[in-house]
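Residue-level structure breakdown
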Amino acid sequence: MRLDVVTIFPEYLEPLNVSLVGKARVRGQLNVHVHDLRAWTYDRHNTVDDTPYGGGPGMVMKTDPWGDALDSVLADGYETGSHTPVLVVPTPSGRPFTQELAVELSERPWLIFTPARYEGIDRRVIDEYATRMPVYEVSIGDYVLAGGEAAVLVVTEAVARLLPGVLGNAESHRDDSFAPGAMANLLEGPVYTKPPEWRGRGIPDVLLSGHHGKIARWRRDQALMRTTLHRPDLIERCDPKAFDKKDREMLSILGWAPDPEGEPHSRFWRRPEGVEE
Ligand code: 6GU
């Protein structure tokens, strides 16, 4: 996979040399090119931004540096044998970046990222390249960053670990918490390793029992507890067929049941306060 990043802070992308992504680059599984947007400015001050039409706070990134940069990146990629690029535009007004989108992007041969500073890029740039290639405007969460560079690191790490051969074991991401098509998208519960006692704290007995069935059940119950606590929306979104008899017992203890007013196989919701089963 080829990745291009055009940014006014190339040094912000240094983490792409480290750990999983860094190793994937060394192994030739990822071909990363980071470009300084200011290389496509022609005035003394290397200007990349200007005041917004219509007024208002902040600055907008100008059309010309982006247009020239993207034309040049596209020409270089095509010349060196890449094809079917997609443009990934990090922005707080984008669609949520999810594991499903990470899987989709991991199946593309060439991603071009355009992290912006200031109030974003002149809309005409995105509209122009959208006539030539798929454009994904993505947000990594409900908070505002000063720029899209950190989002590029997030998306790249999520995508890189899905590439064939990057994570040692192909099984490793089949049961990721958010793997698409997973039976139920539950958060993973706690994990432990040696020593068996640390500062007076032991390991849950079941994990030392060697009883694989009981261990799997305990892990599933922990996942249900953690998910109801931190991400009740994930339980509500689950197909109720994903819950077996033991799941239903645990969910009931946690105050969750199928909607009694709902159709036969209706989704689970949290029992209202003070109402016993
Ligand atoms: Cl992709 N960019 C910025 N600037 N802020 C964000 C974001 C992206 N995702 C969430 N907040």
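Conventions adopted
Residues numbered from 1 in each chain as written. Predicted model: local features only at pLDDT ≥ 70, side-chain atom pairs only at ≥ 80, totals over all residues. Heavy atoms only, no water. Near = heavy atom within 4 Å. Polar contact = N/O pair within 3.5 Å; in protein donor to acceptor, adjacent residues only side chain to side chain. Helix = DSSP H or I, 4+ residues; strand = E, 2+ residues; numbered from the N terminus. UniProt positions renumbered as here; feature names shortened; annotations may be inferred. Contact = heavy atoms within 4.5 Å. Buried < 20%, exposed > 50% of the residue type's maximum accessible area, 1.4 Å probe, protein only. Phe/Tyr/Trp six-rings, centres within 6.5 Å; stacked < 30°, edge-to-face > 60°. Core = buried A, V, L, I, M, F, W, Y, C linked by side-chain atoms within 4.5 Å.

1. Some points on the site of the ligand
- As a matter of local geometry, the ligand sits amid P90, T91, P92, V138, S139, I140, G141, Y143, L145, G147 and A151.
- In the model, a nitrogen atom of the ligand is placed 3.4 Å from a nitrogen or oxygen of the S139 side chain.
- Taken together, the elements giving at least two residues each to the shell around the ligand come down to β5 (86-96) and β7 (135-139).
- Here the shell around the ligand gets 3 residues from one element, more than from any other, and that element is β5.

2. Let's talk about the UniProt feature "binding site: S-adenosyl-L-methionine" (unreviewed entry) in the protein chain
- The residues that UniProt annotates with the feature "binding site: S-adenosyl-L-methionine" (unreviewed entry) are I140, G141, D142, Y143, V144 and L145.
- Structurally, the position occupied by I140 is in the loop between β7 and α5 (149-160).
- Not counting residues up to four positions away in its chain, the partners in contact with I140 are F97, L145, A151, V154 and V155.
- Here D142 lies in the loop between β7 and α5.
- Take D142: its relative accessible area is 84%, and that puts it in the exposed class.

3. Quick look at the packing of aromatic side chains
- Per the counting criterion, the structure on display carries 2 aromatic pairs.
- Ring centres 5.2 Å apart and planes at 85° place the aromatic pair Y78 and W110 in the edge-to-face group. Linking Y78 in helix α2 (residues 63-79) with W110 in strand β6 (residues 110-113), this pair joins segments that are 32 residues apart in sequence.
- With relative accessibility at 46%, the residue Y78 sits in the partly exposed group.
- Relative to F268, the ring of F243 has its centre 4.9 Å away and its plane inclined at 70°; by these criteria the two rings are edge-to-face. Residue F243 is located in the loop between α7 (232-237) and α8 (245-253), and its partner F268 is located in strand β9 (residues 268-270); the two are separated by 25 residues in the primary sequence.

4. Overview of the nonpolar core
- By size, the foremost hydrophobic cluster in this structure holds 27 residues, and its most contacted members are L30, F97, L105, L111, F113, V138 and V155.
- For this core, the secondary structure elements donating two or more residues are β1 (2-7), α1 (19-26), β5, α3 (99-106), β6, β7 and α5.
- When sequence neighbours within four positions are dropped, the list of residues in contact with L30 reads M1, L3, V21, A24, R25, A160 and L163.
- Membership of the second largest hydrophobic core comes to 21 residues, among which are V6, V48, L74 and A116.

5. Details of the side chain of T7
- In this fold, T7 is placed in strand β1.
- Contact partners of T7, with chain neighbours within four places excluded, come to L13, V34, H35, D36, L37, P115 and E149.

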